[in-house]
Structures are given as structure tokens and as C-alpha cells.
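Topology and contacts: notes
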Amino acid sequence: MFDRVNEVIESKIKPKLIAHYGNIELVKVENGIVEVKLLGACSGCPSAKFTLEDIVLVGLQEEIPEVKEVLLVNEVSGELIDMAKKILNKEK
């Protein structure tokens, strides 16, 4: 099911988000629950909840009715952590 979900995200959902300077990454699919990361302008956007519900969930369910829910994973990337460490170390 991971591959089916990823295919729909790549072909149908990602282009909509890219048009608004955002992006999406599929993290995990288990028991009909899809976990994603929102990237770019979508990351931390106040409308992220609506993006998940109205664009991601609806788009996936149109193609894959077995999808029950979409969850946002708010992991901090290793790249961001490294950048923060560099900034903090310069201040010492």
C-alpha cells in the first residue's frame, strides 16, 4: 500500500503543494493510516491542518478508499539541527 499511496502523492498531491511553494514527503503507511511530512512553505504553515484534510486525505481517499487518516509528522530534519548547532556554537 505504501507504493500506491506514494504514487498518488507524487502524481496528484505534490504538484498542488509545489504550486504554493510547499512539498510533501511520505513517511509511513500502516493499517490505513498515512504519515507525512510537509516541507517548504507548507512546513509550519497555519493552514497545514486544512492542507492535510482537504488536499492530502481527500486526494488519497479518492484513489485509495482504504486510507482512513493522514497524520502530520513534525520531525526536525538533521540538516536543521546541524544548522542550529552551528549558529549556537558561534555565539559562545
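Look up: the structure comes first, before these words.
Residues numbered from 1 in each chain as written. Predicted model: local features only at pLDDT ≥ 70, side-chain atom pairs only at ≥ 80, totals over all residues. Heavy atoms only, no water.

1. Quick notes on the overall build of the protein
Put simply, the test is: Helix numbers and strand numbers start at the N terminus; a helix is a DSSP run of H or I with at least 4 residues, a strand a run of E with at least 2. Burial classes follow relative accessibility: with a 1.4 Å probe on protein chains only, a residue under 20% of its type's maximum area counts as buried, one over 50% as exposed, and anything between as partly exposed. The contact criterion used is simple: two residues touch if any of their non-hydrogen atoms lie within 4.5 Å. Surface exposure here means Shrake-Rupley accessible area, sampled with a 1.4 Å probe, where a residue is shielded only by the protein chains that are shown.
Of the regular secondary structure elements, the protein holds 3 helices and 3 strands. Its C-alpha atoms give the protein principal-axis dimensions of roughly 55 × 25 × 20 Å. Relative to its full complement of 92 residues, the protein shows a buried share of 29%. Pairs at least 24 apart in sequence give 52% of the contacts found in the protein among residues at least 6 apart. Here the protein has roughly 6300 Å² of accessible surface; of this, 54% comes from carbon and sulfur atoms.

2. Looking at the environment of Met 83
By the secondary structure assignment, Met 83 is in helix α3 (residues 78-90). Met 83 gets classed as partly exposed once you look at its relative accessible area, which sits at 48%. Spatially, the C-alpha atom of Met 83 lies 29 Å from that of Ile 9, the residues being 74 residues apart in sequence.

3. Description of the nonpolar core
Heads up, the condition is: To form a nonpolar core, buried Ala, Val, Leu, Ile, Met, Phe, Trp, Tyr and Cys residues must be joined to one another through side-chain atoms within 4.5 Å.
Of all hydrophobic cores here, the largest spans 20 residues; its most connected members are Val 5, Val 34, Leu 60 and Val 70. Once residues within four sequence positions are removed from consideration, Leu 60 is found in contact with Val 5, Val 8, Ile 9, Ile 13, Val 34, Val 67 and Val 70.

4. Examining the packing of helix α1 (residues 2-18) against helix α2 (residues 48-63)
Each pair of packed helices can be described by the angle between their axes along with the distance between the axes. Definition in use: Axis lines are fitted to C-alpha atoms, over the contacting stretch for helices. Their N-to-C directions set the angle, which ranges from 0 to 180 degrees. If an angle is under 35 degrees, it is roughly parallel; if it is over 145, roughly antiparallel; if it lies from 65 to 115, roughly perpendicular; otherwise it is oblique. Handedness of a helix crossing follows the sense of rotation of the near helix relative to the far helix, less than a right angle counterclockwise being left-handed and clockwise being right-handed. Residues were grouped as follows: Ala, Val, Leu, Ile, Met, Phe, Trp, Tyr, Cys and Pro as nonpolar; Asp, Glu, Lys and Arg as charged; and all remaining residues, including Gly, as polar.
It is the contact of α1 with α2, at a shortest axis distance of 10 Å, that shows an interaxial angle of 135°. As the angle between them shows, α1 and α2 are arranged oblique. Considering how the two elements wind past one another, α1 and α2 form a crossing that is right-handed. On α2, the residues that touch Arg 4, Val 5, Val 8, Ile 9, Lys 12, Ile 13, Lys 16 and Leu 17 of α1 are Thr 51, Ile 55, Val 56, Gly 59, Leu 60, Glu 62 and Glu 63. Taken together, the residues of the contact of α1 with α2 sort by class into 8 nonpolar, 2 polar and 5 charged.

5. Considering the pattern of salt bridges
The cut-off we apply is this: By convention in these notes, a salt bridge is any Lys or Arg side-chain nitrogen within 4 Å of a carboxyl oxygen on Asp or Glu.
A complete count under the given rule lists 6 salt bridges for this structure. In this structure, the salt-bridge partner of Lys 12 is Glu 63, at a minimum N-O distance of 3.6 Å. On the criterion of sequence distance, the pair formed by Lys 12 in helix α1 and Glu 63 in helix α2 is long-range, its members being 51 residues apart. Here Lys 49 and Glu 53 are joined by a salt bridge, their closest N and O atoms 3.4 Å apart.

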